[in-house]
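# Chains, contacts and geometry: an overview
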Amino acid sequence: MKFRALMVDAGPMREFANIVTIISKLSKECILRVAADTLYFIVSDDNSGPAPPVLWCEIPQAMFFSEYQMVGLDDEHKDIYLGLSSGNLSRSLVTLKTAKSLKMKLTKKQCPCLTLEIEMPSSTSQQTRNVTHDIPVIVIPRKMWSEFHEPNTPDPDISIELPALKQLRTTIDRMRTMASEVIIWASAAGRLTLQIKTDMAKVSTRFKELRVEAFEGPIDHSDSETESQANEDMSRICYCRVDAKKLSMFLSADQVTHNRTLCSIVHKKLVILCLHTEENVRLQCFISGIVY
Amino acid sequence: MKCHIPGANVKVLGRTAHALARFGDELYLESLPDCILLRTLNAAESAYAMVKFNKNFFTYFNYNYYSTEDNEGLKCKISMKSALNIFKSPAHMDKQVENLEIKLDAESCKLIFQLKCRHGIVKTHFVSILDCKAMQAVYTKDSVPNRITSPQRILSEALGNFQSSDDQVTLEVSSQSLIMRNYVDTNVDLTKIIRTQISLKPSEFDGYAIEAETTITFTLKEFRALLAFAEALNLPLQLHFETTGRPVVFIVHNGSTFEAHFVLATSKCDSASQATSTQHTNVERSKRKDSNSTLGSAKKKPHLEVDISKCLDEDSHLFNFIDIPEEVMLNKTSTNGNIENKSKSSGKTEEPMDCDNIPASPAAKNMIKSVFKRCFESTFDPRNLHGAILAENSDSE
Amino acid sequence: MNWSKMDDVNSQYYFTASMDSGKTLCSLLKAIQFQETAVFCALPEGLKLTVEEGKCVQASAYVPSDNFTEYHVRDDVDVMFKISIAVLSECLNIFGSGEESSLKMYYRSEGSPLLLVLQPQSVNNVMTDCEISTQNADSVLELRDEDSAEVAKLVLKAPAFLGLLADLERSCDVIELHLSPEHPNVSIVTYGMQDRSCIDVPKSSDMVQSFTCENPVTLKYQLPHIRLIMKALAISSKVVLRCSSNGLLLLQLKLEKEDQRQMFSEFYIVPLLDD
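Residues numbered from 1 in each chain as written. Chains lettered and ligands numbered in written order. Predicted model: local features only at pLDDT ≥ 70, side-chain atom pairs only at ≥ 80, totals over all residues. Heavy atoms only, no water.

With that settled, consider the sheet that holds strand S5 (residues 67-71) of chain A. Spatial strand order, S5(A)-S1(A)-S7(A)-S8(A)-S9(A)-S13(B)-S12(B)-S11(B)-S15(B): nine strands in an open sheet with antiparallel pairing. Since the sheet does not close on itself, it has two edges, and those belong to S5 of chain A together with strand S15 (214-219) of chain B, each with one partner. Strand-to-strand twist in this sheet, taken as the mean axis angle between neighbours without regard to direction, amounts to 15 degrees. Here strand S7 (residues 101-108) of chain A pairs with strand S8 (residues 112-121) of chain A via eight bridges, running antiparallel. From the neighbouring strand, Leu102 of chain A faces S8 of chain A, where its bridge partner is Ile118 of chain A. Its contacts with the sheet put helix H1 (residues 10-26) of chain A on strand S1 (2-7) and S7 of chain A, and the angle it makes with S7 of chain A is roughly 55 degrees. (Pairing = 2+ DSSP bridges. Helix = DSSP H or I, 4+ residues; strand = E, 2+ residues; numbered from the N terminus. Axes fitted to C-alpha atoms, helices over the stretch in contact; angles between N-to-C directions. Contact = heavy atoms within 4.5 Å.)

In structure tokens:
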């Protein structure tokens, strides 16, 4: 197995550092899957069996790296799967924003490592400083690879484009101080509502005029205790109750410059947030619905 | 003792208190005819700081004001907490404080700090004197083979690449480069720790003279504190050091009014275990395992060795307490001699310069007063020793 | 809720009010938020929220009605209820402190929740509505003693006073206030583990706007109680300290907005009495 890649452009380096930071907020550990065309970051829930991973991120290597070489295990197993601490990686990349270049390679020190070699400009002279980080990794055995495939999720009932993530995050963070769960409502009419309900308060933040990418309705509410929203056609509305903290962590992805973020909901069951960047990075976060 | 410090210098004193507070819990103050010394030692006795303020740092300076004996200055110890309370936010003091007066109130055994601030406000702190001790460390500053002068930004920028959880750093110094690495204790699970290394070129530094290539390892806690001190005062940092195991001296001064020495003990680490990232192999790993077991529990942490006699044989510890020739001791037994004991003889670290030969007893108020008073009597002055190992007396220029 | 029927709403509802921006109100509420619940009173003159800590400290935020673009209280009812001040200030801040949001408040009748509607000024496709539950309020403790005369009054610039308080050793329990017509007029003393610290503020200092004191007086308070005023001091321009003969300390703080309107906060602190 071999892996060696070089990044020299400032934009991709900054984006890469931001992406890794978000991942480190969502989970302490992650899987790095190195394939010929793409780098994947995968985060799984600990309890996951057949459930989808919490995070699935695809980074097309051609947009980021000026050099990229990898050699997998053998012809049938072409990729490399590595387990590592996302916090370690994220902290090592903190200086990437002002770096001149980043070289990543798989090495063997006292244990298998992902070695980062960062060239930093000096603040006082024309010289550069070379920084090396050896991050211990675990090579994931082949028999476990099936746990890390692209998630197979049911078709969502609605896909709606989200308003500015920063705005959402501010509001969710205020809501988190009052409740631990938030209900996301989305309607085919382009409305999205974030709502919390406790003994002390019911707070609803309502967005309108959002772009609906797809709607596979009508939604069946006959089984539930949904309160009907005044003047609204309930068959065109779906919702899902999720953990507010997980939602907030994904929303810190506002640091990554992106074109758009899509929110897809499988009524009551799943929320999928998908962020697309200019460099064709796709960052998907899966939050299971809480059902009582 | 009585002295006045103008507003502009109060900030320096504040920064000093904050830096020293990150070293030790007790602050030793000594006033001499031409300067005032502030010193502290950390609990592990692996780090020592001494800041000297020359006469010209003050607008008024009387080193033995209130003393009963003419030539005796003040020697005392106060709690570091007290010092921090006086200099709460050094950054603001610049604009707030016009003048600071420090004087001794012999009657109440207190050191009085009075700050005259803007808006006509006066803040007075009556600080209890814990004891009348003084202390001194012995270390080599001038005749060292290796000296580096660095604008402090470089070192703190380099440190920015390390994890905040790292607690020791290794400098591998040669005439071609300075490599900074996080030191990893061999007891730690290596599969969990990031190894970081940064390599700096000599041209980055203002001065770089290496006559003896070496590798030194010391703790980051105090290193960060002294870097913050240099940064706050915008002054360069000098490193004076010899070889593995010998203390490294960091010097920060402004060339005129004050000079700070920060001395960190370095550990005699097994350098094979900390080789550069490119060198590791499994063979070396098993070699290290063996060497570990022979040394037993001898930790590689920098320390003035208290129980490992092996280390006492070498001249590597931080505090060579001064040997008192027999005849001098006889002369001075009648007074409250500042008796220094070489740590070797007792096998345990002695309190430096204990000015009391009364056995330790709970400090009652009148006890402190009498002890204190006796400190003003002719006390043992280490400078009177001849032939002692005073490699560098910190109060001579 | 049909927003177009505002006039009907105003006459039937116990209390309604609107503001262009709830930001200052939110800061003021945070300044007295050292307990979970507050008593909310909509008086004809303005809005008053009161928070109590034991029987030792009572803090109030007072917002005169001219701070509102609309302010209606039914004159045949007493609008007074208990509400979570923490939830109220989070709701007022729902769009973040970087955003100015317009605010509307509604209280239908006794036992109703307090209804808030907020809209950010910079974006027009979002709004938040909040229903905050309310409970019956017991009356607010009256700490003032009509029979106690005022023995000293000190008016200070708030930022400078904040600086002094911030400098006090946090670990101290007790703060002594010495006031006297003789120099140095005002002395603030704290005792640490082994040390004593004293701050002298003469009346000639430019942080003192006025000082009245006929006879020397020494009062002691718990330092943590005095420190409760610091958040309010940080947003205020002026503070008036009034000492009563029974030792009760009243601190009145004034906050001035850009539009020249004022809001106030008030703290009553009970002294530590020597046995």
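Reading across the sheet, the nine strands line up as S5(B)-S1(B)-S7(B)-S8(B)-S9(B)-S14(C)-S13(C)-S12(C)-S16(C) and stay open at both edges, with antiparallel pairing between neighbours. For this open sheet the edge positions go to strand S5 (60-62) of chain B together with strand S16 (217-222) of chain C, each flanked by a neighbour on one side alone. Geometrically, the sheet is characterised by an average inter-axis angle of 15 degrees between neighbouring strands, direction not taken into account. Alignment of strand S8 (residues 110-117) of chain B against strand S9 (residues 122-128) of chain B, held across seven bridges, turns out to be antiparallel. In the strand pairing of S9 of chain B, Phe113 of chain B is matched with His125 of chain B. Along the sheet, helix H1 (residues 7-21) of chain B makes contact with strand S1 (2-6), strand S7 (97-105) and S8 of chain B, crossing S1 of chain B at roughly 105 degrees.

The extent of an interface is frequently quoted as the accessible surface area lost upon association of the parts. Each side of the interface is counted separately: chain A has 21 residues, and chain B has 22 residues. Counting the surface lost from both chain A and chain B, the interface buries some 2,100 Å², and carbon and sulfur atoms represent 44% of this. It is Gln110, Arg129 and Asp134 of chain A that lose the most area in chain A upon contact with chain B, and together they represent 30% of the buried surface on that side. The tally of links from chain A across to chain B stands at two salt bridges. Linking Arg129 of chain A and Glu157 of chain B is a salt bridge whose minimum nitrogen-to-oxygen distance equals 2.8 Å. For the interface between chain A and chain B, the tally reads eleven residue pairs in polar contact (both at pLDDT 80 or more). Elements that contribute at least two residues to the side of chain A that touches chain B include exactly helix H3 (86-92) and strand S9 (128-136) of chain A. Ranked by residue count, the leading element in the side of chain A that touches chain B is S9 of chain A, at nine residues. (Buried area = accessible area lost by both parts, 1.4 Å probe. Salt bridge = Lys/Arg side-chain N within 4 Å of Asp/Glu carboxyl O. Polar contact = N/O pair within 3.5 Å; in protein donor to acceptor, adjacent residues only side chain to side chain.)

All names here are of chain C. For chain C, the assigned domains read domain 1 (6-136) and domain 2 (150-269). Computed over C-alpha atoms, the centres of domain 1 and domain 2 are 29 Å apart. Each side of the interface is counted separately: domain 1 has 22 residues, and domain 2 has 16 residues. Counting each side, the surface lost to burial between domain 1 and domain 2 is near 1,600 Å², with a carbon and sulfur contribution of 62%. When the buried area of domain 1 at its contact with domain 2 is split by residue, Thr24, Ala31 and Asn67 rank highest and sum to 26% of it. Secondary-structure elements contributing two or more residues to the side of domain 1 that touches domain 2 are helix H2 (23-31), strand S3 (46-53) and strand S4 (57-64). When residues of the side of domain 1 that touches domain 2 are assigned to their parent elements, the largest contribution, eight residues, is made by S4. When its residues are assigned to classes, the side of domain 1 that touches domain 2 shows 13 nonpolar, five polar and four charged. (Domains from an automatic or database assignment. Nonpolar A, V, L, I, M, F, W, Y, C, P; charged D, E, K, R; others polar.)

Right, let's talk about the side chain of Asn88 of chain A for a bit. Relative to the elements of secondary structure, Asn88 of chain A occurs in helix H3. Beyond its immediate stretch of four places on either side in the chain, Asn88 of chain A contacts Ile135 of chain A together with Gln163, Lys192 and Ile194 of chain B.

Quick look at the packing of aromatic side chains now. Evaluated as defined, the whole model comprises 27 aromatic pairs over all chains. Summarising the aromatic geometry, the rings of Phe218 of chain B and Phe223 of chain B are spaced 5.1 Å apart at their centres and angled 75 degrees between planes, so their arrangement reads as edge-to-face. For Phe218 of chain B, a relative accessible area of 0% puts it in the buried group. Aromatic rings pair up to connect Tyr14, Phe15, Phe40, Phe68, Tyr71, Phe81 and Tyr107 of chain C into one cluster. The cationic tip of Arg33 of chain A hangs over the ring face of Tyr40 of chain A; the distance from NZ or CZ to the ring centre is 4.4 Å. (Phe/Tyr/Trp six-rings, centres within 6.5 Å; stacked < 30°, edge-to-face > 60°. Buried < 20%, exposed > 50% of the residue type's maximum accessible area, 1.4 Å probe, protein only. Lys NZ or Arg CZ within 6 Å of the ring centre and 35° of its normal.)

Attention shifts here to the environment of Leu25 of chain C. Residues and elements named next belong to chain C. On the secondary structure map, Leu25 appears in helix H2. Taking relative accessible area as the criterion, Leu25 reaches 3% and is therefore assigned buried. As a C-alpha pair, Leu25 and Leu233 span 208 residues in sequence and 15 Å in three-dimensional space. If sequence neighbours within four positions are ignored, Leu25 has contacts with Met19, Val63, Leu92, Leu103, Met105 and Met263.

A word on the pattern of salt bridges. Taken as a whole, this structure holds 32 salt bridges over all chains when the rule is applied. Its salt-bridge partner being Arg33 of chain A, residue Asp79 of chain A comes within 2.9 Å of it at the nearest N-O pair. In this pair, Asp79 of chain A sits in the loop between S5 and strand S6 (80-85) while Arg33 of chain A sits in strand S2 (residues 29-34), placing the two residues 46 residues apart along the sequence. Here Asp79 of chain A matches Arg33 of chain A in class, with each residue buried. Salt-bridge contacts for Arg282 of chain A lead to Glu150 of chain A; the nearest nitrogen and oxygen are separated by 3.0 Å. On the criterion of sequence distance, the pair formed by Arg282 of chain A in strand S19 (residues 282-288) and Glu150 of chain A in the loop between strand S10 (138-139) and strand S11 (158-161) is long-range, its members being 132 residues apart. Judged by its relative accessible area of 24%, Arg282 of chain A is partly exposed. What makes Glu150 of chain A partly exposed here is its relative accessible area of 40%. When salt bridges with common partners are traced through the structure, they connect Arg129 of chain A together with Arg153, Glu157 and Glu204 of chain B into a single cluster.

Moving on to the pairing of strand S4 (residues 55-60) of chain A. Residue and element names in this part refer to chain A. Most of S4 sits inside the fold, with five of its six residues counted as buried. Inspection of the sheet shows S4 paired to S19 by four bridges, in the antiparallel sense. Its bridge partner lying in S19, Trp56 is registered against Gln284.

Before going further, it helps to examine a nonpolar patch on the surface. All names here are of chain A. Together, Met1, Leu73 and Val139 line one region of the surface with nonpolar side chains, adding up to about 240 Å² of accessible area. Residue position: Leu73 is located in the loop between S5 and S6. Using a relative accessible area of 41% as the deciding quantity, one classes Leu73 as partly exposed. (Patch = residues over 30% accessible without salt bridge, like charges linked within 9 Å, V, L, I, M, F, W, Y side chains within 5 Å. Areas by Shrake-Rupley, 256 points an atom, 1.4 Å probe, with all protein chains shown as cover.)

Let us look at the packing of helix H4 (residues 165-176) of chain A against helix H5 (residues 244-251) of chain A. Residue and element names in this part refer to chain A. Put simply, H4 and H5 touch, their axes get as near as 9 Å, and they point 150 degrees apart. Relative to H5, the element H4 lies roughly antiparallel. As H4 packs across H5, the resulting crossing turns out to be left-handed. The segment H4 lies against H5, with Leu165, Leu168, Arg169, Ile172, Asp173 and Arg176 engaging Ala244, Lys245, Leu247, Ser248 and Leu251. Taken together, the residues that form the contact of H4 with H5 break down as six nonpolar, one polar and four charged. (Parallel < 35°, antiparallel > 145°, perpendicular 65-115°, else oblique. Left-handed = near helix turned anticlockwise from the far one by under 90°.)

On to the domain arrangement of chain A. All names here are of chain A. When the domains of chain A are assigned, the result is domain 1 (2-148) and domain 2 (158-222 + 232-288). Averaged C-alpha coordinates put domain 1 and domain 2 at centres separated by 29 Å. Summing the contributions of domain 1 and of domain 2, the shared interface buries around 1,700 Å²; its carbon and sulfur component is 63%. There are one salt bridge connecting domain 1 and domain 2.

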